[in-house]
Amino acid sequence: MQPVGQQPAPTSNAPLESGGTRTGRPGRGMRLTTRLMLLVLVCLLPTVTLGIFVQIDERAERKAQLSDLVLRQAELLNGDILSIAQGARSLLVTAAEFDSVHQLDPRCADRLRPIKRNLPSYAFLALVDGDGAVVCASRPDLGFLTAGHPAWVQDALNAEGFSVGRYATAPGLASGFVPFFLPVQATADGRRGVLVAALDLAWLANHLVELKTLDARLQQDSVLSVADRDGVILARNPRHADFVGKRFPPAALKLIDAPLPGVVRLASVDGMNRLVGYVPITHSGSGLMVAAGFFEPDLMGSINRATLIGALLLAAATLAAFVLTLLAGRRFIGRPTRQLVSAARRWREGDFRARAAVSTENSEFGQIAAAYNEMAAALETREAELRQHAQLLEARVDERTQKLSETNNRLQVEIEERKETEAALVQSQKLQTVGQLAGGIAHDFNNLLATILGNLELLVRDLGPDQARQRAMIERASGAVQRGAQLTGRLLAFTRRRRLTVRATDINKLITDLGALLATSTLGQRIRIETQLDAELWPAMAEPSQVEAAILNLALNGRDAMPEGGVLTIATANETLAPGGGPDDPPAGCYVRITVSDTGEGMTEAVARRAFDPFFTTKGPSGSGLGLSQVYGMTRESGGTVRIESVPSGGTSVTLLLPRATAVGAAPRRDAAYPALRRWHVLLVDDDEDVREVTAEMLKDLGCHVQQAEDGNEALALLQRDGDTRAVPPDLLLIDYAMPGMTGLAVVAAARSRGFAGPVVLATGYAEPAEPDHPGEAVPDAILQKPFTMEELGRVLSRIQAQTDSLQHAK
């Protein structure tokens, strides 16, 4: 097929260069090639023979030295492990001299604990009696960890003298250990004990790393291993964590009790074949087996260098042979090659009508030139066909590229939307994590505050009229406790562990009242405060104390950003959001805007993006990282949002948007004084002894008779003492919510099922009253938030008394 618009190639070849005169006979080129190959082989034969001899001799000498090197590495490691075992022996011998140890006195723990603190290489020190019980230990919980007599305790009981045990673990320990035993001389009554020093295997692994670094005699590429008498690996470098506690392969297990140290080739526990030097237990002196393994190719560096030298020698010989061959090649190979190259260049440029000159068809190059000419003719025909196909393909590619571009644009939009969704999810998960942490902290902290506040109230009741100074001191301490309770409440509100007590709030009045505090004491004289309050500002639906804390947080951040002084501006305004806002904007509607601006150092874009992350701070150790996070949590919980704008060296502005309220609400009022209380018989249940004791004293001062129980089981046992005529049954239960075993709600449900019909008060350190976890749990009659005052306790009892009286009148 001939392409359109192209002339057919001439039938006769048009040579590009003259082929010259044809000389020689057929087959001469083949004889010349044979002679050149023989010449090269003769030149290279001495060099190749020399290189092979040197390499064989070097390899034999190096292999003879490998065994001595590997065994020496194992002996060096064994010497170090032996010193560790001797150190353990000296430690146990010294501890055995203590009288409390010799007499198997449990107070020997007071002697073992200081020793353990100074010896981080040991997991614990312990004294075990002849029955396998732990008499004393550096860890108070070791007695529980050894329940059931683990294997190392049995080994300790079987120890006749100083000896080493096997690999062991314990539930309370982060890593395994290997115990060393030393029997203690029997006491006067014939009791026998065994001292145990548990060497921490994590420390031993780190020690192997340090040993390689500090001891220049140890090879850095060696694999060091220490095993017990069962072949269980105690420490290994490298990859200790992957193989600790695993047994040697079967081939290596046979070497544990070998009669003499030696060197073997075997597959290591990681599956690699290595040359291993070992010192068996029979010769180690420490009761442990040590091994040093090497990947044999790594030790053959000198042989590889000799091989490189041989290769260089061969290369030099080859170069000399090439020079000799080039002289002949120019005459018999160069000229026809240039003709072929010239034709090939024309073909590369697209001129497939060019033909290579054929000097003689009987030579190898003549046959090659003829074949190339045939190939050029075929390529000339194919080129036209390919050009047509390329044009068609290009049109299809343009069409497909357009479609891919449109698809890629849609994909980019979806990716951006997903990034925004993932960012919102990450922020929500962070707040959830902090909320879980804050809930636990609030419970324990409120228990502490309840103990302090209760005792302060009891103290102030015992003061006389002439002790005004002491009364003032106690009132200041009580005020500090109340502020601590408010702090935990704010933290829980930020993490949404407490519902905000929102009401219509006059933000302008709140800022005016707060401005005096900021100007006089909080911000200092170098900070000038300016307010820009909208006279027509709507009331905001929020909890006033939380808004006040948020503004105070922002003011303190502004102060810290202006160490040389500056201007802090607090502004308010009304704002209406239209539908279709950003992903962080609240729903469309009316909002009250509060903006706190400073003229300080400002933030970078990266810092501003993380400003609301919990625990993120740029203040170093002095910052908690929760200030802006609390502001963010309060605003989002109130139904609004927070915006931040900052420019490095240009100041920062933080804006709060709070939902609009219809009217300003009144502040909550405290209950009126409660009437005289009856003499309640109260069953008080709380697992915290301090809280329980102070609550009992408060109840007694209120005229109540109190029975105490430290958990739900004890409380239910007291309720079941129906047959004891001396016991007065309780007519009111005061129960803590969070207790080990049974929660307060579970105790109430169990008491109801046993026939108790009296009122129940639930005391809790959590900010939100807990709801029943199961359908069977009962709901309490009243909730007491810890910490509570005696007045609050009296009001709760008075309220319950009024409810009880009204029910009796109704009957």
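Residues numbered from 1 in each chain as written. Predicted model: local features only at pLDDT ≥ 70, side-chain atom pairs only at ≥ 80, totals over all residues. Heavy atoms only, no water.

Enquirer: I'd like a description of the overall build of the protein chain, backed by residues and values.
Expert: Each helix and strand counted, the protein chain has 20 helices and 22 strands in total. In the protein chain, once contacts between residues fewer than 6 apart in sequence are set aside, the share between residues at least 24 apart is 66%. Split by element, the accessible area of the protein chain, about 44700 Å² in all, is 54% carbon and sulfur. (Helix = DSSP H or I, 4+ residues; strand = E, 2+ residues; numbered from the N terminus. Contact = heavy atoms within 4.5 Å. Areas by Shrake-Rupley, 256 points an atom, 1.4 Å probe, with all protein chains shown as cover.)

Enquirer: Lay out the pairing of strand β5 (residues 193-200) in plain terms, naming residues and giving numbers.
Expert: Successive side chains on a regular strand alternate, one facing one side of the sheet and the next facing the other. Most of β5 is tucked away, with eight of its eight residues classed as buried. The side-chain alternation of β5 yields two buried faces, one formed by Gly193, Leu195, Ala197 and Leu199 and the other by Val194, Val196, Ala198 and Asp200. The pairing of strand β1 (residues 122-129) with β5 spans seven bridges and is antiparallel. Across the sheet, Leu127 pairs through a bridge with Leu195, a residue of β5. Summarising the sheet, strand β4 (residues 177-184) and β5 pair through eight bridges and their orientation is antiparallel. By the bridge assignment, Phe177 is partnered in β5 with Asp200. (Buried < 20%, exposed > 50% of the residue type's maximum accessible area, 1.4 Å probe, protein only. Pairing = 2+ DSSP bridges.)

Enquirer: Summarise the sheet that holds strand β3 (residues 163-164); cite the residues concerned and give the values.
Expert: An order of β2-β1-β5-β4-β3 is seen for the five strands of this open sheet, with the pairing classed as antiparallel. Two strands in the sheet have a free side with no partner beyond their single neighbour: β2 (134-137) and β3. Sheet topology note: the β1/β2 ladder contains three bridges and is antiparallel. Bridging from a neighbouring strand, Val128 pairs with Val134 of β2. Lying on the sheet, helix α3 (residues 109-117) is in contact with β1 and β2; it crosses β1 at an angle near 160 degrees. The strands touched by helix α5 (residues 151-158) within the sheet are β1, β4 and β5, with β4 carrying the most contacts at an inclination of about 30 degrees. (Axes fitted to C-alpha atoms, helices over the stretch in contact; angles between N-to-C directions.)

Enquirer: Requested: an account of empty space enclosed by the protein, with residues and values cited.
Expert: This structure, assessed with the given rule, holds four cavities of 30 Å³ or more. Roughly 180 Å³ of internal volume is contained in the largest cavity. Looking at the largest cavity, it is lined by 17 residues, and the ones nearest its centre are Ser225, Phe248, Ser268, Val276 and Ala291. Mapped onto the lining of the largest cavity, the elements with two or more residues apiece are β6 (223-227), β7 (233-237), β9 (273-279) and β10 (289-294). Element by element, the count of residues in the lining of the largest cavity is highest for β10, at four residues. For the lining of the largest cavity, a count of residues per class yields 12 nonpolar, three polar and two charged. (1 Å grid on protein atoms, 1.4 Å probe; cavity = no way out; pocket = protein on both sides within 12 Å on 5 of 7 lines; lining within 4 Å. Points joined across faces, edges and corners; volume = space filled by probe spheres on them. Nonpolar A, V, L, I, M, F, W, Y, C, P; charged D, E, K, R; others polar.)

Enquirer: Tell me what's going on with the sheet that holds strand β14 (residues 566-577), and back it up with residues and numbers.
Expert: Picture the strands of a sheet paired through backbone hydrogen bonds; they go either parallel or antiparallel. One open sheet accounts for five strands, arranged β12-β14-β15-β17-β16; its pairing is mixed. The open sheet has two edge strands with one neighbour each: β12 (527-532) and β16 (641-647). Across the sheet, the mean angle from the axis of one strand to that of its neighbour is 15 degrees, orientation sign disregarded. For β16 and strand β17 (residues 651-659), the ladder comprises seven bridges, and the chain directions are antiparallel. Within β17, the residue paired with Arg643 across the bridge is Thr655. Docked against the sheet, helix α14 (residues 544-560) engages β12, β14, β15 (589-598) and β17, running at close to 30 degrees with respect to β15.

Enquirer: Residues and numbers for the nonpolar core, please.
Expert: Formed by 45 residues in total, the largest nonpolar core has its most connected members in Ile81, Leu127 and Phe180. Those residues in contact with Ile81 that sit more than four places away from it in its chain are Leu204, Val226, Ser286, Leu288 and Val290. Membership of the second largest hydrophobic core comes to 34 residues, among which are Leu537, Ala540, Met562 and Val654. (Core = buried A, V, L, I, M, F, W, Y, C linked by side-chain atoms within 4.5 Å.)

Enquirer: Can you lay out the packing of helix α18 (residues 712-719) against helix α19 (residues 744-753) for me, pointing to particular residues and giving the numbers?
Expert: The interhelical angle for the contact between α18 and α19, taken along N-to-C directions, is 20 degrees, at an axis separation of 10 Å. Comparing their axes, α19 and α18 come out roughly parallel. The interaxial crossing formed by α18 with α19 has right-handed handedness. Every residue of α19 that contacts α18 at Gly712, Leu716 and Leu719 is listed here: Val747, Ala750 and Ala751. When the residues that make up the contact of α18 with α19 are grouped by side-chain class, the tally is five nonpolar, one polar and no charged. (Parallel < 35°, antiparallel > 145°, perpendicular 65-115°, else oblique. Left-handed = near helix turned anticlockwise from the far one by under 90°.)

Enquirer: Now, about the packing of aromatic side chains: what can you tell me, with residues and values included?
Expert: Each aromatic ring pair is specified by the distance between its two centres and by the angle formed by the two planes. Following the criterion strictly, the structure yields four aromatic pairs and no others. With 5.5 Å between their ring centres and 50 degrees between their planes, Phe124 and Trp152 make a pair best called tilted. Taken together, the residues span a long stretch of sequence, with Phe124 in strand β1 and Trp152 in helix α5 at a distance of 28 residues. Accessibility classification places Phe124 together with Trp152 in one group, the buried group. (Phe/Tyr/Trp six-rings, centres within 6.5 Å; stacked < 30°, edge-to-face > 60°.)

Enquirer: Kindly report on the state of the cysteines, identifying the contributing residues and their values.
Expert: In total, this model carries one disulfide according to the counting rule given. Here Cys108 pairs with Cys136 through a disulfide, and the sulfurs are 1.7 Å apart. Here the S-S torsion is close to -105 degrees, and the disulfide linking Cys108 with Cys136 is therefore left-handed. A residue pair is termed long-range when its members are at least 10 positions apart, and Cys108 in the loop between α2 (99-102) and α3 and Cys136 in strand β2 qualify at 28 residues. On the basis of relative accessible area, Cys108 is assigned to the buried category, the value being 0%. Exposure remark for Cys136: the relative accessible area of 4% places this residue in the buried category. (Disulfide = S-S within 2.5 Å.)

Enquirer: Please provide a residue-by-residue account of a nonpolar patch on the surface, values included.
Expert: On the surface, Ile368, Tyr372, Met375 and Leu379 cluster together to form a nonpolar patch covering roughly 320 Å² of accessible area. By the secondary structure assignment, Tyr372 is in helix α11 (residues 364-461). Residue Tyr372 is classed as partly exposed on the basis of its relative accessible area of 35%. (Patch = residues over 30% accessible without salt bridge, like charges linked within 9 Å, V, L, I, M, F, W, Y side chains within 5 Å. Salt bridge = Lys/Arg side-chain N within 4 Å of Asp/Glu carboxyl O.)

Enquirer: Explain α19 to me, and be specific about the residues and the numbers.
Expert: Across the 10 residues of α19, seven count as buried, placing the element largely inside the fold. Among all positions of α19, only Gly744, Leu745, Val747, Val748, Ala749, Ala750 and Ala751 are buried. Next to the buried residues of α19 lie α18, β20 (732-736) and β21 (760-764). Following α19 by one or two positions, Gly755 adopts a phi angle in the positive range, close to 100 degrees.

Enquirer: Before we move on, can you summarise the pattern of salt bridges with the specific residues and values?
Expert: In this structure the tally under the stated criterion is 17 salt bridges. For Arg593, the salt bridge identified is with Glu575, shortest N-O distance 2.8 Å. Taken together, the residues span a long stretch of sequence, with Arg593 in strand β15 and Glu575 in strand β14 at a distance of 18 residues. Under the relative-accessibility criterion, Arg593 is labelled partly exposed at 27%. For Lys786, the salt bridge is made with Asp686, and the minimal N-O distance between the two is 3.0 Å.

Enquirer: Lay out α3 with the relevant residues and their values.
Expert: Among the residues making up α3, those that are buried are Ala109, Leu112 and Ile115. The buried residues of α3 occupy an angular sector of 125 degrees when the element is viewed end-on, so they sit on one face. (Arc of directions from axis to C-beta.)

Enquirer: So, a negative patch on the surface: which residues are in play, and what are the values?
Expert: A contiguous patch of negative charge, built from Asp687, Glu689, Asp690, Glu693, Glu697, Glu710 and Glu714, is present on the exposed surface. With respect to the helices and strands, the residue Glu714 is situated in helix α18. Glu714 sits in the partly exposed class, given a relative accessible area of 32%. (Lys, Arg positive; Asp, Glu negative; His and termini not counted. Charge placed at Lys NZ, Arg CZ, Asp CG, Glu CD.)

Enquirer: Describe in detail the confidence of the model for the protein chain, supporting the description with residues and values.
Expert: Across the protein chain, the average pLDDT comes to 77, with 73% of residues at 70 or higher. Here residues 17-29 scores under 50 on pLDDT; set against residues more than four positions off or in separate chains, the count is 15 contacts. Considering only residues more than four positions removed or in separate chains, one finds that residues 667-672, a stretch of pLDDT under 50, has seven contacts. (pLDDT = per-residue confidence, 0-100.)

Enquirer: So, the side chain of Asp129: which residues are in play, and what are the values?
Expert: Its place among the elements puts Asp129 in strand β1. Looking at Asp129, the relative accessible area reads 18%, which means it is buried. Only 2.9 Å separates the side chain of Asp129 from the backbone nitrogen of Ala133, close enough to count as a polar contact. With residues near it in sequence (within four places) discarded, Asp129 still touches Val135, Leu157, Arg192 and Gly193. (Polar contact = N/O pair within 3.5 Å; in protein donor to acceptor, adjacent residues only side chain to side chain.)

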